[in-house]
Amino acid sequence: MKPALFAYHRPQTVAAALALLAEFDDAKLLAGGQSLGPMLNLRVARPAHVIDLNDLLELDFVRRQPGLLEIGSLTRHHRLATDAEVAAACPILAAAAASIGHYAIRQRGTLGGSLAHADPAAQLPLIATLLNAEIVVAGRTGTRMVRAREFFVSSLVTSVQPEEMIVAVRFPAFRPSQGWGLEIFSQRHGDFAIVSVAATVTCAPTGKVAELDVALGGIGATPLSLHARLAPFRGRVPDADWSAELGSVAASAVALEDDARIPAAYRRELAMTLTQRALMAAVERGEERNNG
Ligand SMILES: Cc1cc2nc3c(=O)[nH]c(=O)nc-3n(C[C@H](O)[C@H](O)[C@H](O)COP(=O)(O)OP(=O)(O)OC[C@H]3O[C@@H](n4cnc5c(N)ncnc54)[C@H](O)[C@@H]3O)c2cc1C
C-alpha cells in the first residue's frame, strides 16, 4: 500500500523545522521512518505535511559531559549500539540499542523517533524511564526539559506538543560500581518484546545494596519505573530472597489484561522471572566493575 498524498519538506536547520511545525497544523516529523513509514503506508497516519529531519546533522551527536551523556535526537540506534563513549558512560543504553529489531532498522531508527513514537514495549523508552533521562524538547519559544518518567503519557502518546520536537536526551553517566541487567523476551529475534526489564544495582563495600532501580516494558500503556517501591530493598544483601521479592513486586505491577495473543498471567510470570534475572545480572556486573 502507498501513503496518501502529502507535501514533503526538508528543512536545513532546527529553527526551520520548528517554523514548519508552527505553520502547518497537520504535519508529522520524519526521522528514521521505521515507525512512521509503515503508518503512512497503512494510512494509519495521513498527515498533509511531512517534515523530514534527516538533514539536521546538528541533532546527530554523542557528547560526554560531567556526570551525564547528552545524545542528539537524530542519533541512530546503530551509533548508540557501537559508540565507545556510550558503552563507557551508559552501557545499558548501548546494549538496549543493539537489541532493537534488525540491523537495517538500527541503521535508520533514531533515539528521538523511538521516544516520540512511545511504543510501551520499545527498548529506548524503557532505558530512558529506568534512568529518568532528561528529554530536551524544543518549540518556537525555546526549549524545555521533561523527565522520562513524566514524558510517556500513554501508548504512543507523549507530552511533546504538536509544535514541538525532541532535540536531545541526557542520560546520567554510570558510577564506577553500578551494575546493570537487561532482559528482553520476544517470540522471535527482532520482534518487539512481550515483556522487558531493565535494572541497575550499586552495592556498598559491605556487599549490601546502596542504590537500585528497576523499570519494565510491555506491562502497561507506558514503560513503568518501580523507583517509588524500591526503598525496602536497599540496605539488604542481594540474595535469592531479595530478588524473588522484587520479582513479585514487578509481577504485581503488570497492568495489561489478557489480550488475543498473551494472557496477563503469562506477562506476570515473565515480569517476575525477567526481573530476577536482570537484578542478578546487575549485581554480577557491579561486582565485575568493582573488581576490574
Ligand atoms: C520490523 C521492525 C521491528 C522493530 N523492532 C523494534 C524493537 O524490537 N524494539 C524497538 O524499540 N523498536 C523497534 N522498531 C522501531 C524502531 O526502533 C523505530 O526506529 C522507532 O520506533 C522510531 O524511530 P524512527 O527514528 O524510525 O522514527 P519515525 O518512524 O521517523 O517517527 C516515529 C514517530 O516519532 C515522531 N518523531 C520522530 N522524530 C521526532 C523528534 N525528534 N521529535 C518529535 N517527534 C519525532 C514522528 O513524527 C513519528 O510520529 C522496529 C521497527 C520495525 C520496522
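Note that the structure is predicted; figures quoted are calculated from it, not measured.

About the thresholds
Residues numbered from 1 in each chain as written. Predicted model: local features only at pLDDT ≥ 70, side-chain atom pairs only at ≥ 80, totals over all residues. Heavy atoms only, no water. Helix = DSSP H or I, 4+ residues; strand = E, 2+ residues; numbered from the N terminus. Rg over C-alpha atoms; globule rule 2.2 N^0.38 Å. Buried < 20%, exposed > 50% of the residue type's maximum accessible area, 1.4 Å probe, protein only. Contact = heavy atoms within 4.5 Å. Lys, Arg positive; Asp, Glu negative; His and termini not counted. Charge placed at Lys NZ, Arg CZ, Asp CG, Glu CD. Pairing = 2+ DSSP bridges. Core = buried A, V, L, I, M, F, W, Y, C linked by side-chain atoms within 4.5 Å. Near = heavy atom within 4 Å. Polar contact = N/O pair within 3.5 Å; in protein donor to acceptor, adjacent residues only side chain to side chain. Areas by Shrake-Rupley, 256 points an atom, 1.4 Å probe, with all protein chains shown as cover. Axes fitted to C-alpha atoms, helices over the stretch in contact; angles between N-to-C directions. Domains from an automatic or database assignment. Buried area = accessible area lost by both parts, 1.4 Å probe. Salt bridge = Lys/Arg side-chain N within 4 Å of Asp/Glu carboxyl O. Nonpolar A, V, L, I, M, F, W, Y, C, P; charged D, E, K, R; others polar. Parallel < 35°, antiparallel > 145°, perpendicular 65-115°, else oblique. Left-handed = near helix turned anticlockwise from the far one by under 90°.

### Considerations on the overall build of the chain
Argument step 1. Within the chain, the regular secondary structure consists of 11 helices and 14 strands.
Argument step 2. Computed over its C-alpha atoms, the radius of gyration of the chain comes to 19 Å, within 12% of the 19 Å expected for a compact globule of 292 residues.
Argument step 3. Dimensions of the chain along its principal axes, counting C-alpha atoms only, are 60 × 45 × 35 Å.
Argument step 4. For the chain, with 292 residues in total, the buried portion stands at 52%.
Argument step 5. By sequence separation, contacts in the chain at least 24 residues apart represent 62% of the contacts at least 6 residues apart.
Argument step 6. Charged side chains of the chain number 28 positive and 29 negative; the gap between the two group centres comes to 2 Å.

### A word on the pairing of strand β5 (residues 68–72)
Argument step 1. The element β5 is largely enclosed, with a buried count of 4 among its 5 residues.
Argument step 2. The sheet contact formed by strand β4 (residues 62–65) and β5 spans 4 bridges and is antiparallel. Following the sheet pairing, valine 62 is matched in β5 by isoleucine 71.
Argument step 3. From the end of β4 to the start of β5, which pair antiparallel, there are 2 residues, and glycine 67 there has a positive phi angle of about 80°.

### Details of the nonpolar core
Argument step 1. Within the largest apolar cluster, 38 residues are counted, with the highest numbers of intra-cluster contacts made by Ile71, Ile92, Leu93, Leu115, Leu124, Ile127 and Phe171.
Argument step 2. Among the elements that line this core, the one with the most residues is helix α8 (residues 123–131), at 6 residues.
Argument step 3. Counting residues in each nonpolar core, the second largest holds 28 residues, with Val214, Leu246, Val254 and Val283 among its members.

### Examining the site of the ligand
Argument step 1. Surrounding the ligand, one finds 28 residues, the nearest of these being Leu29, Gly33, Leu36, Thr110 and Gln123.
Argument step 2. In this structure, lysine 28 approaches the ligand through a side-chain N or O atom, which is 3.2 Å from an oxygen atom.
Argument step 3. Residue alanine 31 places a main-chain N or O atom 2.8 Å away from an oxygen atom belonging to the ligand.
Argument step 4. Protein burial of the ligand: of its 970 Å² of free accessible surface, 88% is covered by the chains.

### Re the sheet that holds strand β11 (residues 178–185)
Argument step 1. With antiparallel pairing, the 4 strands of this open sheet are ordered in space as β11-β12-β13-β14. With partners counted over all chains shown, the strands left at the sheet margins are β11 and β14 (224–225), one partner each.
Argument step 2. Pairing between strand β13 (residues 209–217) and β14: 2 bridges, direction antiparallel. Each bridged residue has a counterpart across the sheet, and for alanine 215 the counterpart in β14 is serine 225.
Argument step 3. Along the sheet face, helix α11 (residues 264–291) touches β11, β12 (195–203) and β13 and points at about 150° away from the line of β11.

### A short note on the domain arrangement of the chain
Argument step 1. The assigned domain composition of the chain is domain 1 (7–52), domain 2 (57–171) and domain 3 (180–287).
Argument step 2. On the domain 3 side, the residues contacting the 23 residues of domain 2 number 26 residues.
Argument step 3. Around 1,800 Å² of area is buried between domain 2 and domain 3 when both sides are counted, 73% of it from carbon and sulfur atoms.
Argument step 4. Three residues stand out in domain 2 for area buried against domain 3, namely Pro120, Leu126 and Leu130, and they jointly supply 31% of the buried area on that side.
Argument step 5. Where domain 2 meets domain 3, there are 1 salt bridge.
Argument step 6. Across the salt bridge formed by aspartate 213 and arginine 149, the nearest N and O atoms sit 3.7 Å from each other.
Argument step 7. Applying the counting rule to domain 2 against domain 3 returns 3 residue pairs in polar contact (both at pLDDT 80 or more).
Argument step 8. Put simply, the parts of the chain that give the side of domain 2 that touches domain 3 at least two residues each are α5 (91–98), α8 and β8 (152–154).
Argument step 9. Ranked by the residues each element gives to the side of domain 2 that touches domain 3, the list is headed by α8, at 7 residues.
Argument step 10. Residue composition of the side of domain 2 that touches domain 3, grouped by class: 14 nonpolar, 7 polar and 2 charged.

### What to know about the packing of α5 against α8
Argument step 1. Viewed as axis vectors pointing N to C, α5 and α8 meet at an angle of 165°, and their least axial separation amounts to 9 Å. Of the possible angle classes, the one that applies to α5 and α8 is roughly antiparallel. The handedness of the crossing between α5 and α8 is right-handed. When α5 is examined against α8, the residues Ile92, Leu93, Ala96 and Ala97 are found in contact with a partner set consisting of Gln123, Leu124, Ile127, Leu130 and Leu131.
Argument step 2. Here the residues of the contact of α5 with α8 sort into 8 nonpolar, 1 polar and no charged.

### Side note on the side chain of glutamate 183
Argument step 1. Relative to the elements of secondary structure, glutamate 183 occurs in strand β11.
Argument step 2. Despite its burial, glutamate 183 remains without a salt bridge, the nearest opposite charge being carried by arginine 277 at 4.4 Å.
Argument step 3. Those residues in contact with glutamate 183 that sit more than four places away from it in its chain are Val195, Ser196, Val197, Leu274, Arg277 and Ala278.

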